[in-house]
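Architecture and fold: a report
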Amino acid sequence: MTTTPPEQIDPTSTSETEVPYPDKRTGRFRRRAMKPISATPTLLTLANLVCGFAAIHFASSPVDTSSIFQWSTLTVAGSLIFLGMFFDAIDGSVARLTRSTSDLGAQLDSLCDMVTFGVAPAYLMLRLVGYYYVGPGADAPPMEAFLGPDGDSLYGKTVWAISAFYICCAALRLARFNAEVDSAEESDHRYFRGLPTPGAAGVIASLIILHQHFLFTNTGASDSIAIARLSALAFPFLTLVCGLAMVSSIPYPHVVNQYLRRQRDFGSLLRVVLPIVAAIWFLQATLAFVCTTYAFSGPVKILILKFRRRSHSTVNTGAVPREHQD
């Protein structure tokens, strides 16, 4: 059987493209069929990538009021991460509705998630801590001399290492997801093993948005750099916890598949509506509360289940507490 040389394959063909790859036994090229790329889901996935890149751009800018709604540049960066989260949530649904799911789309989604939910939050945290811990002003030392593997401060080196650790955990989390889940069916996407990368990024971005909102709307707090530095010291710890949660085996529910697509009772509907109503008046606080609650819901559920199992086994075995045995 003769095969078409790789240089004779037309890459612009609209039919299924056959991509040659070498056979390990014979060394000859075989063909792997690849479905045509659907435009709409791919554009939504790439929009997620652009949001992550824009978030890094605004995070690298000087911390000051921006031209976008007069928000802080860090607030704009955190908001772009949430915008990327929106595109990431709907691209899979659009792909399933148009019946255009593919392996290429899944791999592209993970690559975009790595930028928006891996690199961008870690860099955003690094910039915030560097700015508020070193201190603004002309007399302050340059941020590069404080943060980084070659920084002058042990704390600055530690913060940089935590950011790098978070990025590595995000990469491992996405790679493990691709290796474990090989189906695009909704039934296979109801639970995550480990904190999903959008959830981890949401914790960091929402708390930074709340941090900036508090400083820019309260004159007393913004005038006190001590309060700003003290609040910024908590972000490396939260970033470390989120990184560990991503590579853990703790189950987390898929919010869209579990609570929005399925028929729910009145109580479950109320739990979805209440945060939306609260966000109308307290947007920054609601975002931070919802994201942190979701991140801590996994460990809390495990502790509750262990406590219930221990209580159930004690009742069934008729064990008597030691203080009542005498």
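Residues numbered from 1 in each chain as written. Predicted model: local features only at pLDDT ≥ 70, side-chain atom pairs only at ≥ 80, totals over all residues. Heavy atoms only, no water.

Another aspect to go through is the overall build of the protein. On a plain count of helices and strands, the protein comes out with twelve helices and four strands. Here the protein, with 326 residues, has 36% of them falling under the buried criterion. In the protein, the proportion of contacts linking residues at least 24 apart, taken out of those at least 6 apart, comes to 70%. Accessible surface computed for the protein: about 19,700 Å², of which carbon and sulfur atoms make up 64%. (Helix = DSSP H or I, 4+ residues; strand = E, 2+ residues; numbered from the N terminus. Buried < 20%, exposed > 50% of the residue type's maximum accessible area, 1.4 Å probe, protein only. Contact = heavy atoms within 4.5 Å. Areas by Shrake-Rupley, 256 points an atom, 1.4 Å probe, with all protein chains shown as cover.)

Before going further, it helps to examine the pattern of salt bridges. A full pass over the atoms with the stated rule returns one salt bridge. As a salt-bridge pair, Glu-180 and Arg-193 come within 2.5 Å of each other at their nearest N and O atoms. In this pair, Glu-180 sits in helix H5 (residues 154-180) while Arg-193 sits in strand S3 (residues 191-193), placing the two residues 13 residues apart along the sequence. Relative accessible area serves as the criterion here: at 40%, Glu-180 is assigned to the partly exposed category. (Salt bridge = Lys/Arg side-chain N within 4 Å of Asp/Glu carboxyl O.)

Turning next to helix H9 (residues 234-246). Compared with an ideal rise of 1.5 Å per residue, which puts 13 residues at 18 Å, H9 spans 19 Å between its outermost C-alpha atoms and is within 8% of the ideal. Taken together, the buried positions of H9 are Phe-235, Pro-236, Thr-239, Cys-242, Gly-243, Ala-245 and Met-246. (Expected span 1.5 Å × (residues − 1).)

Before going further, it helps to examine the side chain of Ser-66. Structurally, Ser-66 can be placed in the loop between helix H1 (39-60) and helix H2 (73-97). Among the polar contacts made by the side chain of Ser-66, one reaches the main-chain amide nitrogen of Ile-68 at a distance of 3.4 Å. Once residues lying within four places of it in the same chain are set aside, the contact partners of Ser-66 are Trp-71, Ser-72, Thr-73 and Val-76. (Polar contact = N/O pair within 3.5 Å; in protein donor to acceptor, adjacent residues only side chain to side chain.)

Here helix H3 (residues 103-134) crosses helix H6 (residues 197-217) at 35°, and the two axes come no closer than 9 Å. Here H3 runs over H6; the crossing is left-handed. Here Asp-113, Phe-117, Pro-121, Leu-124, Met-125, Leu-128 and Tyr-132 of H3 lie close against H6, whose contacting residues are Thr-197, Pro-198, Ala-201, Ile-204, Ile-208, His-211, Gln-212, Leu-215 and Phe-216. (Axes fitted to C-alpha atoms, helices over the stretch in contact; angles between N-to-C directions. Left-handed = near helix turned anticlockwise from the far one by under 90°.)

Where nonpolar side chains cluster on the molecular surface, the patch consists of Leu-269, Val-273, Val-277, Ile-280, Trp-281 and Phe-282 and spans about 660 Å² of accessible area. When you line up the elements, Phe-282 lands in the loop between helix H11 (266-281) and helix H12 (283-317). (Patch = residues over 30% accessible without salt bridge, like charges linked within 9 Å, V, L, I, M, F, W, Y side chains within 5 Å.)

A full pass over the atoms with the stated rule returns five aromatic pairs. For the pair Phe-69 and Trp-71, a centre-to-centre distance of 5.0 Å together with 45° between the ring planes defines the contact as tilted. Residue classification places Phe-69 among the exposed positions, given a relative accessible area of 63%. What makes Trp-71 partly exposed here is its relative accessible area of 36%. (Phe/Tyr/Trp six-rings, centres within 6.5 Å; stacked < 30°, edge-to-face > 60°.)

Here we take up H6. For H6, spanning 21 residues, the distance from its first C-alpha to its last is 30 Å, which sits close to the expected 30 Å at 1.5 Å a residue. With respect to burial, H6 is a largely interior element, 16 of its 21 residues being buried.

Attention now moves to the environment of Pro-253. With respect to the helices, strands and loops of the structure, Pro-253 is situated in strand S4 (residues 251-253). The spacing of Pro-253 and Arg-193 is 60 residues in sequence and 9.0 Å in space, taken between C-alpha atoms.

Quick look at the side chain of Asp-109 now. Within the secondary structure layout, Asp-109 lies in helix H3. Despite its burial, Asp-109 pairs with no opposite charge, the nearest such side chain being Arg-96 at 9.4 Å. For Asp-109, the residues in contact, after removing those within four places along its chain, are Thr-45, Asp-88 and Asp-91. (Lys, Arg positive; Asp, Glu negative; His and termini not counted.)

So, on to unusual backbone geometry. Not every positive phi belongs to a glycine, and Phe-69 is a case in point at roughly 55°. If you trace the backbone, Phe-69 turns up in the loop between H1 and H2. At Gln-70, a position not held by glycine, the phi torsion is positive, near 60°. Looking at where Gln-70 falls in the secondary structure, it is placed in the loop between H1 and H2. Here Gln-70 falls in the exposed class, since its relative accessible area comes to 56%.

Right, let's get into the confidence of the model for the protein. Residue-level pLDDT values for the protein average 81, and 73% of them are 70 or greater. Low confidence marks residues 6-19, where pLDDT is under 50. Its contacts with residues over four positions away, or in another chain, come to 19 contacts. (pLDDT = per-residue confidence, 0-100.)

Right, let's talk about the environment of Thr-42 for a bit. Mapping Thr-42 onto the fold places it in helix H1. Put simply, Thr-42 and Leu-108 are 66 residues apart on the chain and 8.2 Å apart in space, counted from C-alpha to C-alpha.

One can describe the packing of H2 onto H3 by two numbers: an axis separation of 10 Å at closest approach and a directional angle of 165°. Relative to H3, the element H2 is oriented roughly antiparallel. In the packing of H2 onto H3, the handedness of the crossing is left-handed. From H2, Leu-74, Ala-77, Gly-78, Ile-81, Gly-84, Met-85, Asp-88 and Asp-91 reach across to H3, where they touch Asp-109, Asp-113, Thr-116, Phe-117, Ala-120, Pro-121, Leu-124, Leu-128 and Tyr-132. Residues that form the contact of H2 with H3 fall into these classes: ten nonpolar, three polar and four charged. (Parallel < 35°, antiparallel > 145°, perpendicular 65-115°, else oblique. Nonpolar A, V, L, I, M, F, W, Y, C, P; charged D, E, K, R; others polar.)

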